[in-house]
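# Fold and geometry: a report
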Amino acid sequence: MKSFHVNGKNENGLLTIQQFHVLMFIKATGLNTISELCKWLHLSKSSMSIMISNLEKMEYLYKQQADDTDDGRKVYLYLTDIGKQALAKAEETVLENIAGCFTSFSDEAQTKICTNLKELNTMLKAGGFVE
């Protein structure tokens, strides 16, 4: 079963991997301008703008003009309810696929993987360093 659409056409309601990353990043971090997303996801502004336009056409995102206190060109991006539902469906599919792979390991291997993932999570939370 496919989790993502690989050709960028968003057929059958599947997100592309990059679209999934953008929606996840907005949800998880609260960063919601094209410039912020480009910086953190290492994409060009033109690529990001096209992707945002497509997500907006699919009604997964909406744009809101910044207040007068900000630069008048700045636009904020927010997930719509449809976008939240699409993202939740994609997350569920990814987790099901990961769980399917995980359960194929022996109990001992599963324990080792969990231990290593916990250590990695601790390192990432500490900025890459563990004392």
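Just above sits the structure.
Residues numbered from 1 in each chain as written. Predicted model: local features only at pLDDT ≥ 70, side-chain atom pairs only at ≥ 80, totals over all residues. Heavy atoms only, no water.

### Brief notes about the overall build of the protein
Stated precisely, the cut-off is as follows: The numbering of helices and of strands both runs from the N terminus, where a helix is a DSSP run of H or I of at least 4 residues and a strand a run of E of at least 2. When a residue's accessible area, from a 1.4 Å probe over protein chains only, is under 20% of the maximum for its type it is buried; when over 50% it is exposed; and in between it is partly exposed. Residue contacts are defined here by distance: any two heavy atoms, one from each residue, within 4.5 Å place the two residues in contact. Here the open area of atoms and residues is found with the Shrake-Rupley method and a 1.4 Å probe, where only the protein chains shown may cover a residue.
Along the protein, the regular secondary structure elements total five helices and two strands. What you see in the protein, going N to C, is helices and strands ordered as α-α-α-β-β-α-α. Looking at the protein as a whole, 26% of its 131 residues are labelled buried. Within the protein, counting contacts between residues at least 6 apart in sequence, those at least 24 apart form 42% of the total. Split by element, the accessible area of the protein, about 9200 Å² in all, is 56% carbon and sulfur.

### Quick look at unusual backbone geometry
For residues that are not glycine, phi is negative in most cases, and the peptide bond is trans in most cases. Residue His42 is not a glycine yet carries a positive backbone phi of 55 degrees. Mapped onto the fold, His42 is located in the loop between helix H2 (34-41) and helix H3 (45-57). The exposure class assigned to His42 is exposed, which follows from its relative accessible area of 68%. A positive phi angle is found at Glu59, which is not glycine, with a value near 65 degrees.

### Details of the pattern of salt bridges
Cut-off, in case you're wondering: Here, a salt bridge means any side-chain nitrogen of Lys or Arg that lies within 4 Å of a carboxyl oxygen of Asp or Glu.
As enumerated under the stated definition, the model contains three salt bridges in all. As a salt-bridge pair, Glu56 and Lys63 come within 3.6 Å of each other at their nearest N and O atoms. Overall, the relative accessible area of 32% leaves Glu56 in the partly exposed class. In this structure, the salt-bridge partner of Glu108 is Lys112, at a minimum N-O distance of 3.5 Å.

### Regarding H3
Since the α-helix advances by 3.6 residues per turn, residues separated by three or four positions end up pointing in the same direction. Keep this limit in mind: One less than the number of residues in a helix, times 1.5 Å, gives the span that helix is expected to have. As used here, the arc belongs to the directions running from the helix axis to the C-beta atoms.
Here H3 contains 13 residues, and its C-alpha end-to-end distance of 18 Å stays within 8% of the 18 Å for a straight helix at 1.5 Å per residue. Those residues of H3 not exposed but buried are Met48, Met51, Ile52 and Leu55. Viewed end-on, H3 has its buried residues packed into an arc of 100 degrees, placing them on one side of the element. When the buried face of H3 is taken as reference, the exposed residues oriented beyond 90 degrees from it are Ile50 and Lys57. Glu59 sits one or two residues past H3 and shows a positive phi near 65 degrees.

### Notes on the nonpolar core
The condition is simple: Nonpolar cores were defined as sets of buried Ala, Val, Leu, Ile, Met, Phe, Trp, Tyr and Cys residues, with membership established by side-chain atoms within 4.5 Å.
One finds Val22, Leu23, Leu37 and Leu55 to be the most contacted residues of the largest nonpolar core, which totals 20 residues. Elements that contribute at least two residues to this core include exactly helix H1 (17-29), H2, H3, strand S2 (75-79) and helix H4 (81-102). Sort the elements by how many residues they give to this core and H1 lands first, with five residues. With residues up to four places along the chain from it excluded, the contact list for Leu37 reads Val22, Phe25, Ile26, Leu31, His42, Met48, Ile52 and Leu77.

### A word on the side chain of Asn32
Looking at where Asn32 falls in the secondary structure, it is placed in the loop between H1 and H2. Among the residues examined, Asn32 registers a relative accessible area of 10% and is labelled buried. With sequence-adjacent residues up to four places away left out, Asn32 is seen in contact with Val75, Tyr76, Leu77 and Tyr78.

### A few points about the packing of H2 against H3
Stated precisely, the cut-off is as follows: Helix axes are fitted to C-alpha atoms over the stretch in contact, other axes to C-alpha atoms as well, and angles between N-to-C directions run from 0 to 180 degrees. A clockwise turn of the near helix away from the far one marks a right-handed crossing, whereas an anticlockwise turn of less than a right angle marks a left-handed crossing. All amino acids are sorted into three groups, where Ala, Val, Leu, Ile, Met, Phe, Trp, Tyr, Cys and Pro are nonpolar, Asp, Glu, Lys and Arg are charged, and the leftover types, Gly among them, are polar.
It is the contact of H2 with H3, at a shortest axis distance of 10 Å, that shows an interaxial angle of 120 degrees. Of the two elements, H2 crosses H3, and the hand of that crossing is right-handed. Within the contact between the two elements, H2 uses Ile34, Ser35, Leu37, Cys38 and Leu41 and H3 uses Lys45, Met48, Ser49 and Ile52. Looking at the contact of H2 with H3 residue by residue, the classes come out as six nonpolar, two polar and one charged.

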